[in-house]
Amino acid sequence: MTVKSMSAVMFSIMENVAAAFDFEGVYMAKLTAKEEKIFKERMEQRDAELRWLYMELYNNSSMYGELVQRIREFYVDRRKGLKKLDESREKTPDWYKGGDQLGMMLYIDNFAGNLRGVMDKLDYLEDANVNYIHLMPFLDTVKERSDGGYAVKDFRKVRPDLGTMKDLSELTKECHSRNMNVCCDFVMNHTSVDHEWAVKAKTGDGEYMSRYFFFDRYDIPQQFEETVPEVFPSTAPGNFTFVPEVNHYVMTSFHSYQWDLNYRNPRVFNEMMYNFLFLANEGLDIIRIDAVPYIWKTLGTSCRNLPEVHTIVRIMRIIGEIVCPGVLLLGEVVMEPSKVVPYFGTVAKPECHMLYNVTTMATTWHTVATRDVRLLKKQLDIVNALPKEYTFLNYLRCHDDIGWGLDYDTLRQYGMEEVPHKTYLNKFFLGSTGMSCSRGELYNYDPVTKDARFCGTTASLSGIEKAGYEKDDEAMARAIRLDVMLHAYMFMQSGIPIIYSGDEIGQVNDYSYKDDPDKADDSRYLHRGRFHWENAEKRKVEGTVEERIFDGIKKLSGLRKKIAAFSSLADAWTLDTGDDAVLAIGRYMDGEKVIGIFNFSEAEHTAWINEDDGIYDDLMTGEKAEAVNVKLEGYGFKMFYKFF
């Protein structure tokens, strides 16, 4: 090669290298022309609001510049299959609001051992009509300081016994090939005491101490304690922990080994956004933001639901719309539906795509215990009156406890006072009052206030455990009716139904947690037991408990996929039944109407309704029927369908 030609080659190389840097010398990886156009358009549409919100919080242009640079890098790194999925979902932004979604929450180790094991079980999930898998916390933790996976040691590493990030990526690819979505938890509020930042903070490194809330005296923590409620008053009292290595107190809202992050520090915000995008780029479709209301802390407040929390979630939504618009944000906000609404944002400036319908879940079990649907009907009316853009996740049970945060102002009108009513509910689900067949355990019982939460699987709370132990066939038939009826009622709600792994085969409480010293003090492990594959096989045997529940739920979810009226975008309302034990719900969309009627009593009742628009199809039996004065056996239900 001549000197001249060599010079030309070198010039070309230098020119290409220079093109990869912006005018400030910051590395800008190359994109295809189409990708460059897409990124530029997304960024230009959102930059003004993103910049304004960021500067409102931090007033730091340098850190904002870094954030934008890294946003681009994560977009560059996003694999082409995910970018193609993003583009498809951008064109149909309501893709997740149809009636075809059915979720399942599962612990990877309990369900299938590890991530590769989950991949081997996808056929089973498809058989159950599940197309949305919520993988419970799988990021690296320290066993004895895990809190069920919510004390994260490393946001970019899978817990070694569960697999690797490569395994996760391969699982999401396989799920996408089957049109299944994958959800993971993103624990934003805190890190584990074993996280790299916390380890460095314990050496006295000011840079890392500033990423948490450290105080060298107890006077300021004491002021916080005066206004900040305790999350776990009996098992983890107080909101601060003394760190002897640095002779400081650190904020720990949940447990002493979970240190609250200081989002007043822009470095914390930026780094956590990079972790969010890293997980999104592994192929996750839904990112569940854990403990959203707690993220921002201000002295003199409850440190819950502060305005800055909404600014952070809105920024997170914008960043997602730039890099990974196919990814949904699911907010864990444990409040009644009318109060969680701000976490949806507005139609013009949305925040979370979806939120949990927590209070309706708790009210459902209140309704089981009281055989009185009045409060449940009122809450469903509130949810149904909300804009259809708001999408709730509906569930009967999850990995967590049931908290009795009910509407006691309304219950008081029915003669139910808060303290005695909570006591009644806890005794009912312990199986000691109210003609109860339930079996469960208290969680976080406070001997002073007599308050407690409750644990148990859907099957055990419905009476299946007791009936099985006593070998009572009549009681078992009644318990199975209640279990399936509750799932049918859940499928009639607006939003996305999600079931907890094992509920589809009627799995009962697992008391073996008491033999594990790392779990014995946490009764939530009662319903977090190992999935019994030997019982899952029984779903294929006619007449078994597993078959009756599995086929019942599968039939309901199959109907839900086919009928437009089950879409979240459908009109929904409750009907007066003339009987406080019977709930009726109507749904209508695109000429299709469904009426669901549910008996919350073990005795026969009649729904005194008169939907006088002709003959309906009974969706469960295939028979023709009128929706007029409908008789229901104990814990029975009917679903009527009509096309106009």
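Residues numbered from 1 in each chain as written. Predicted model: local features only at pLDDT ≥ 70, side-chain atom pairs only at ≥ 80, totals over all residues. Heavy atoms only, no water.

K.L.:
Just to check I follow, could you spell out the sheet that holds strand E5 (residues 181-186) for this structure?
P.N.:
The strands making up a sheet associate through hydrogen bonds between their backbones, and the pairing can be parallel or antiparallel. The strand order E1-E2-E5-E11-E12-E13-E14-E17 describes a closed barrel built from eight strands, whose pairing is parallel. When the angles between neighbouring strand axes are averaged without regard to direction, this sheet yields 25°. Inspection of the sheet shows strand E12 (residues 328-331) paired to strand E13 (residues 354-356) by two bridges, in the parallel sense. Following the sheet pairing, Gly331 is matched in E13 by Leu355. (Pairing = 2+ DSSP bridges. Helix = DSSP H or I, 4+ residues; strand = E, 2+ residues; numbered from the N terminus. Axes fitted to C-alpha atoms, helices over the stretch in contact; angles between N-to-C directions.)

K.L.:
Would you take a moment to explain the packing of aromatic side chains for this structure?
P.N.:
The description of an aromatic ring pair rests on the distance of the ring centres and on the angle between the ring planes. Counted under the stated rule, the structure contains 40 aromatic pairs. Summarising the aromatic geometry, the rings of Phe186 and Phe276 are spaced 6.4 Å apart at their centres and angled 40° between planes, so their arrangement reads as tilted. Of the two residues, Phe186 is situated in strand E5 and Phe276 in helix H12 (residues 266-280); the sequence distance between them amounts to 90 residues. Neither Phe186 nor Phe276 differs from the other in exposure class; each is buried. Put simply, the rings of Trp365, Trp404, Tyr424, Phe428, Phe429 and Phe454 touch in pairs and so form one group of aromatic residues. Stacked on the ring of Tyr274, the Lys or Arg Arg70 has its end atom at 4.3 Å from the ring centre. A cation sits over an aromatic face here: Lys83 above Tyr75, 4.3 Å from the ring centre. (Phe/Tyr/Trp six-rings, centres within 6.5 Å; stacked < 30°, edge-to-face > 60°. Buried < 20%, exposed > 50% of the residue type's maximum accessible area, 1.4 Å probe, protein only. Lys NZ or Arg CZ within 6 Å of the ring centre and 35° of its normal.)

K.L.:
I'm lost on the sheet that holds strand E19 (residues 582-589) in this one. Help?
P.N.:
One open sheet accounts for six strands, arranged E18-E19-E20-E23-E21-E22; its pairing is antiparallel. The strands lining the two open edges of the sheet, one partner per strand, are strand E18 (571-575) and strand E22 (624-632). Strand-to-strand twist across the sheet, computed as the mean angle between neighbouring axes with direction ignored, equals 15°. Bridge analysis of strand E21 (residues 605-618) against strand E23 (residues 637-643) gives two bridges, and the strand direction is antiparallel. Across the sheet, the residue bridging to Asp618 is Phe640, located in E23. Here helix H21 (residues 473-492) sits on the sheet and contacts E19, strand E20 (592-599) and E23; the angle it forms with E20, its principal contact strand, is near 145°. (Contact = heavy atoms within 4.5 Å.)

K.L.:
Explanation requested: the pattern of salt bridges in the structure shown.
P.N.:
A side chain with one charge can pair with a side chain of the opposite charge if their charged atoms come near. Within the structure shown, the criterion is met by 62 salt bridges. A salt bridge links Glu611 to Lys593, with the nearest nitrogen and oxygen atoms 2.8 Å apart. Of this pair, Glu611 sits in strand E21 while Lys593 is found in strand E20, placing the two residues 18 residues apart along the sequence. The burial state of Glu611 is the same as that of Lys593; both residues are buried. Residues joined in a network through salt bridges with shared partners are Asp127, Glu537, Arg539, Lys540 and Lys554. (Salt bridge = Lys/Arg side-chain N within 4 Å of Asp/Glu carboxyl O.)

K.L.:
What's the story with empty space enclosed by the protein in this structure? I'm lost.
P.N.:
Empty space left among the atoms is revealed by rolling a probe the size of a water molecule over them. Under the counting rule described, the total for this entry stands at six cavities of 30 Å³ or more. If you add up the space inside the largest cavity, you get close to 110 Å³. What lines the largest cavity is a set of 17 residues, among which Tyr500, Ser501, Gln507, His527 and Gly529 lie closest to the centre. In the lining of the largest cavity, the residues fall into seven nonpolar, seven polar and three charged. (1 Å grid on protein atoms, 1.4 Å probe; cavity = no way out; pocket = protein on both sides within 12 Å on 5 of 7 lines; lining within 4 Å. Points joined across faces, edges and corners; volume = space filled by probe spheres on them. Nonpolar A, V, L, I, M, F, W, Y, C, P; charged D, E, K, R; others polar.)

K.L.:
What's the story with the layout of surface pockets in this structure? I'm lost.
P.N.:
Quantified by volume, the second largest pocket comes out at close to 700 Å³. In this structure, the second largest pocket is lined by 27 residues; those nearest its centre are Lys143, Gly148, Asp518, Lys519 and Tyr525.

K.L.:
Explanation requested: the packing of helix H2 (residues 33-58) against helix H3 (residues 61-77) in the structure shown.
P.N.:
Between two packed helices, the angle of one axis relative to the other and the distance separating the axes together describe the packing. Where H2 contacts H3, the axes come no closer than 11 Å and their chain directions differ by 150°. By the angle between their axes, H2 is roughly antiparallel relative to H3. The hand of the H2/H3 crossing is right-handed. Here H2 contributes Glu35, Glu36, Ile38, Phe39, Arg42, Met43, Asp47, Leu50, Arg51, Tyr54 and Met55 to the contact with H3, which in turn contributes Ser61, Met63, Tyr64, Leu67, Val68, Ile71, Arg72 and Tyr75. Partitioned by chemical class, the residues of the contact of H2 with H3 number twelve nonpolar, one polar and six charged. (Parallel < 35°, antiparallel > 145°, perpendicular 65-115°, else oblique. Left-handed = near helix turned anticlockwise from the far one by under 90°.)

K.L.:
Explain the nonpolar core to me, please; I cannot follow it from the model alone.
P.N.:
As a rule of thumb, nonpolar side chains are buried together in soluble globular proteins. Judged by nonpolar contacts, the single largest core of 184 residues is most densely connected at Leu135, Tyr263, Trp365, Phe598 and Phe600. The biggest single contributor to this core is H21, with 13 residues. Among all residues touching Phe600, those that are not within four sequence positions of it are Thr364, Thr367, Val368, Arg371, Val373, Leu376, Met485, Leu486, Tyr489, Ala581, Leu583 and Tyr635. The next biggest cluster of nonpolar side chains, apart from the first, holds twelve residues, and it includes Leu575, Ile595, Ala627 and Phe640. (Core = buried A, V, L, I, M, F, W, Y, C linked by side-chain atoms within 4.5 Å.)

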